[in-house]
Amino acid sequence: QAAMAAVVAEERLECDDCVQDTVGVVVLDGDGNVAASVSSGGIALKQSGRVGQASCYGCGCWAQRQVKNTSSSVAVSTTGCGEHLVRTLLAKECGQGLANSNNPMDTLQTIMKEKFAESEFLEGINEKLGGAICMKFSKNSGLGSFLWTHTTSSMGIGFQSTADVSATVKMSRLPKPANVHGTTILVE
C-alpha cells in the first residue's frame, strides 16, 4: 500500500505540473526600463460578469520606474485567486514595498505576510492563494533582483537574461506541511 500511495502522489505532482493557468511577465530593457503584464487563466464555472485580477489596476501587475522618492524600478506580476489579489492589491503592494527596499527577500516576506496572508480584507478565508514574480533594478548601482513568492502549493517559474543561452525553468513548491496552521509563504 505504501508503494501504491507513493505512485499516486507522484502522479498527482506530475498532474500539478501540467496545470495551465496565469501567465505573467516582468521585463527589464537595456536602458533600465521595466514593464509587467499578466494574462489570467480564469477559473472554471466562474460567475457571469466576474472580473479577475488581470484587468484590475494594481492587482494583476505593477510596474514603476525609478523616481525621485524611490531607489529602484520595479515590475510585478501576480497569480492566484483573483478575488484575493483584487482585495489586497498585491501587485501594487509588492512593487511599492520593493521600490525602496535594501533587503528585497525580507521585504517581500513581510509584504506577503502583513499585506496578504494577514490582510483584514481576507479575514475569515482559510486558504489564501497568491503569488508574484518581482523584478527590482537600480540604475544607480546597475544591480537588480528577480524574486518570486507564493502561498499556493506550487508555482511555475521561468527566467532568462541576455547573458543566458537558454531560460531557466523551475517548479517552485511549498515545503511539505508539518501540521502547520495558517498560510505558508515561500520567497525565493
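S.K.: What is the right way to read the overall build of the protein chain from this model?
M.R.: The helix and strand tally for the protein chain stands at four helices and nine strands. Going from the N terminus to the C terminus, the protein chain shows its helices and strands as α-β-β-β-β-α-α-α-β-β-β-β-β. Looking at the 188 residues of the protein chain, the share that counts as buried comes to 36%. Of the contacts made within the protein chain by residues no fewer than 6 positions apart, 54% connect residues no fewer than 24 positions apart.

S.K.: Help me understand the pattern of salt bridges in this model?
M.R.: Two side chains bearing opposite charge may form a pair once their charged atoms approach each other closely. Counted under the stated rule, the structure contains two salt bridges. The salt bridge partner of K170 is E188, with a shortest N-O separation of 3.4 Å. Here the residue K170 occupies a position in strand 8 (residues 168-173), and E188 occupies one in the segment after strand 9 (186-187), the gap between them amounting to 18 residues.

S.K.: Please clarify how helix 3 (residues 90-99) should be interpreted in this entry.
M.R.: Given 3.6 residues per turn, any residue in an α-helix points the same way as the ones three and four places further on. Looking at helix 3, one finds that the buried residues are L90, A91, C94, G95, L98 and A99. The buried residues of helix 3 occupy an angular sector of 160° when the element is viewed end-on, so they sit on one face. For helix 3, the elements touching its buried residues are strand 3 (61-64), strand 4 (73-80), helix 2 (82-88), helix 4 (104-117) and strand 5 (130-138).

S.K.: For this particular structure, what's the right way to read the packing of helix 3 against helix 4?
M.R.: What describes two packed helices is the angle between their axes and the distance between those same axes. Across the interface, helix 3 lies against helix 4 with an axial gap of 10 Å and an inter-helix angle of 145°. For helix 3 against helix 4, the interelement crossing comes out right-handed. Here helix 3 contributes L90, E93, C94, G97 and L98 to the contact with helix 4, which in turn contributes P104, T107, L108, I111, M112, K115 and F116. Considered class by class, the residues forming the contact of helix 3 with helix 4 number eight nonpolar, two polar and two charged.

S.K.: Is there a simple way to think about the environment of G30 in this case?
M.R.: Residue position: G30 is located in the loop between strand 1 (23-28) and strand 2 (34-39). Judged by its relative accessible area of 86%, G30 falls in the exposed class. For the pair G30 and T162, spaced 132 residues apart in sequence, the C-alpha to C-alpha distance is 9.6 Å.

S.K.: In this structure, what is going on with the packing of aromatic side chains? I would like to understand it.
M.R.: For any pair of aromatic rings, the description rests on two quantities: the centre-to-centre distance and the angle between the ring planes. Evaluation of the coordinates by the stated rule reveals four aromatic pairs. For the pair F146 and W148, a centre-to-centre distance of 5.8 Å together with 55° between the ring planes defines the contact as tilted. Through successive ring pairs, a cluster of aromatic residues spans F146, W148 and F159.

S.K.: Looking at this model, I keep getting lost on the environment of A36. Mind explaining?
M.R.: Here A36 lies in strand 2. Spatially, the C-alpha atom of A36 lies 5.4 Å from that of A75, the residues being 39 residues apart in sequence.

S.K.: Honestly, the side chain of S77 in this entry has me stumped. Any pointers?
M.R.: Mapped onto the secondary structure, S77 falls in strand 4. On the basis of relative accessible area, S77 is assigned to the buried category, the value being 2%. Polar side-chain contacts of S77 include one of 2.9 Å to the backbone oxygen of S37. When residues no more than four places from it in sequence are discounted, the contact partners of S77 are G24, V25, V26, S37, V38, G60, C61, G131, A132 and I133.

Criteria and thresholds
Residues numbered from 1 in each chain as written. Predicted model: local features only at pLDDT ≥ 70, side-chain atom pairs only at ≥ 80, totals over all residues. Heavy atoms only, no water. Helix = DSSP H or I, 4+ residues; strand = E, 2+ residues; numbered from the N terminus. Buried < 20%, exposed > 50% of the residue type's maximum accessible area, 1.4 Å probe, protein only. Contact = heavy atoms within 4.5 Å. Salt bridge = Lys/Arg side-chain N within 4 Å of Asp/Glu carboxyl O. Arc of directions from axis to C-beta. Axes fitted to C-alpha atoms, helices over the stretch in contact; angles between N-to-C directions. Left-handed = near helix turned anticlockwise from the far one by under 90°. Nonpolar A, V, L, I, M, F, W, Y, C, P; charged D, E, K, R; others polar. Phe/Tyr/Trp six-rings, centres within 6.5 Å; stacked < 30°, edge-to-face > 60°. Polar contact = N/O pair within 3.5 Å; in protein donor to acceptor, adjacent residues only side chain to side chain.

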